[in-house]
Amino acid sequence: MIRSAPFALCAVLLASTGMALSPANATTVEIEAEGPVIELSVFESVTAEPDLVTIGAGVSTQAPTAVAAMRQNSVEMRRAIDQILALGVAEEDIQTTGINLSAQYDYDRANQRQVFRGYQVSNRVSVKLRDIDATGAALDALVSAGATDLSGPRFSIEDDDAAKDLARSRAVERAAQRAQSYAEMVGYDGVRVLSISEAIQGRGAVPQMEMRSVALDVSASPPVQPGQVSTGVSISIKYEMVNDAAE
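My aim in this report is to walk through the structure given alongside it, one point at a time.

What counts, and where the lines are drawn
- Residues numbered from 1 in each chain as written.
- Predicted model: local features only at pLDDT ≥ 70, side-chain atom pairs only at ≥ 80, totals over all residues.
- Heavy atoms only, no water.
- Helix = DSSP H or I, 4+ residues; strand = E, 2+ residues; numbered from the N terminus.
- Buried < 20%, exposed > 50% of the residue type's maximum accessible area, 1.4 Å probe, protein only.
- Contact = heavy atoms within 4.5 Å.
- Expected span 1.5 Å × (residues − 1).
- Arc of directions from axis to C-beta.
- Patch = residues over 30% accessible without salt bridge, like charges linked within 9 Å, V, L, I, M, F, W, Y side chains within 5 Å.
- Areas by Shrake-Rupley, 256 points an atom, 1.4 Å probe, with all protein chains shown as cover.
- Salt bridge = Lys/Arg side-chain N within 4 Å of Asp/Glu carboxyl O.
- Phe/Tyr/Trp six-rings, centres within 6.5 Å; stacked < 30°, edge-to-face > 60°.
- Pairing = 2+ DSSP bridges.
- Core = buried A, V, L, I, M, F, W, Y, C linked by side-chain atoms within 4.5 Å.
- Polar contact = N/O pair within 3.5 Å; in protein donor to acceptor, adjacent residues only side chain to side chain.

Observations regarding the environment of Leu87
By secondary structure assignment, the location of Leu87 is in the loop between α1 (66-86) and β6 (94-108). For Leu87, a relative accessible area of 42% puts it in the partly exposed group. Taking C-alpha positions, Leu87 is 8.2 Å from Ala134, a pair spaced 47 residues apart along the chain. What Leu87 contacts, discounting residues up to four positions off in sequence, is Ala137, Ala138 and Ala141.

Description of α1
Helix length check: α1, at 21 residues, gives a terminal C-alpha distance of 30 Å against a target of 30 Å (1.5 Å per residue), a fit within 8%. Regarding α1, the residues found buried are Ala69, Asn73, Glu76, Met77, Ala80, Ile81 and Ile84. Buried positions in α1, seen along its axis, are confined to an arc of 145° and lie on one side of it. Relative to its buried face, α1 has exposed residues pointing more than 90 degrees away, namely Arg71 and Ala86.

Section: a nonpolar patch on the surface
A cluster of nonpolar side chains, contributed by Met70, Ile99 and Leu101, occupies part of the molecular surface with about 260 Å² of accessible area. Inspection of the secondary structure puts Met70 in helix α1. On the basis of relative accessible area, Met70 is assigned to the partly exposed category, the value being 31%.

Points about the packing of aromatic side chains
Across all of its chains, the model carries 2 aromatic pairs by this definition. Their ring planes at 70° and their centres at 5.7 Å tell us that Tyr105 and Phe116 sit as a pair that is edge-to-face. Of this pair, Tyr105 sits in strand β6 while Phe116 sits in strand β7 (residues 113-129); the two residues are 11 residues apart in sequence, bridging distant segments of the chain. Both rings, one in Phe116 and one in Tyr119, keep their centres 5.2 Å apart while their planes meet at 70°; by these two values the pair is edge-to-face. Overall, the relative accessible area of 27% leaves Tyr119 in the partly exposed class.

Digging into the pairing of β6
As a general feature of sheets, a regular strand has side chains that alternate between the two faces. Looking at chain direction, β6 and β7 are connected through 14 bridges and run antiparallel. Along β7, the bridge assignment pairs Asp106 with Val115. Counted between consecutive antiparallel strands, the loop separating β6 from β7 contains 4 residues, among which Gln112 sits at a positive phi close to 50°.

Observations concerning the nonpolar core
Within soluble globular proteins, side chains that are nonpolar tend to cluster in buried spots. If you look at the biggest cluster of nonpolar residues, it comprises 26 residues, and the most contacted ones within it are Val127 and Leu142. Within the residue set of this core, elements represented by two or more residues are β5 (52-63), α1, β7, α2 (135-144) and β8 (149-156). Here Val127 is in contact with Val53, Thr54, Ile55, Ile84, Val89, Asp93 and Ile94, once residues within four sequence places are set aside.

Focus: the side chain of Thr135
Structurally, Thr135 can be placed in helix α2. The class of Thr135 is buried, set by a relative accessible area of 0%. At 2.7 Å, the side chain of Thr135 forms a polar contact with the backbone oxygen of Ile132. With sequence-adjacent residues up to four places away left out, Thr135 is seen in contact with Val53, Ile55, Leu129, Pro153 and Val224.

Quick notes on the pattern of salt bridges
All chains considered together, the criterion is met by 10 salt bridges. Across the salt bridge formed by Arg124 and Asp149, the nearest N and O atoms sit 3.2 Å from each other. With Arg124 in strand β7 and Asp149 in strand β8, this pair connects stretches of sequence that are 25 residues apart. Classification of Arg124 as partly exposed rests on a relative accessible area of 23%. By relative accessible area, which is 19% here, Asp149 ends up buried. Look at the salt bridges and you will find they share partners, linking Asp93, Arg130 and Glu158 into a network.

This is the structure we're talking about:
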């Protein structure tokens, strides 16, 4: 289900010109103008149910030597990844996002010096889940497999072309209505489009929940509510004010 959100719109009266806006990553179409020009900037977004959720998981291990810490971490991360694969997640939807090895020290207050206590290895992966209902089970499985650092879930729309098309058509329609209203206010019969510049919004504002856990026993999968996410476009349109007799 897709819903429209309130749009933002601002207008600027310009002198007659043939120059079009050219923002980065924008699509521009332009026609020469002779009469007064009005420019409208419209942002329109729609909300829809997400079909993709991304979670992050990390495994941290400590050992007296770097080699031991790395080997232990590899075993535990492999266990966590196998748990995710067992849920039906594809290999290509699991991506390593960072591996960190660092020396760990304790501070000896009595002697006022750092005391080496070993090495810590942290390994993080990002997991895309295409079955949103499986999010809770995935988090449960990761913790059960030894994950000590969870992040997410981050909900998104994998293919938001349809939602953007809807936002685009509504933005153009509302801009046209507003331009016509401005034209009539200053004594013109109508308007014609001179240029259109479009900037695409990424994936919209995405709510994110941060989770960090060192739980040893998880009796039930955490409840996850996907809600809705937004996506949209920002459009700048220039209109020439015209009179019927002049067309």
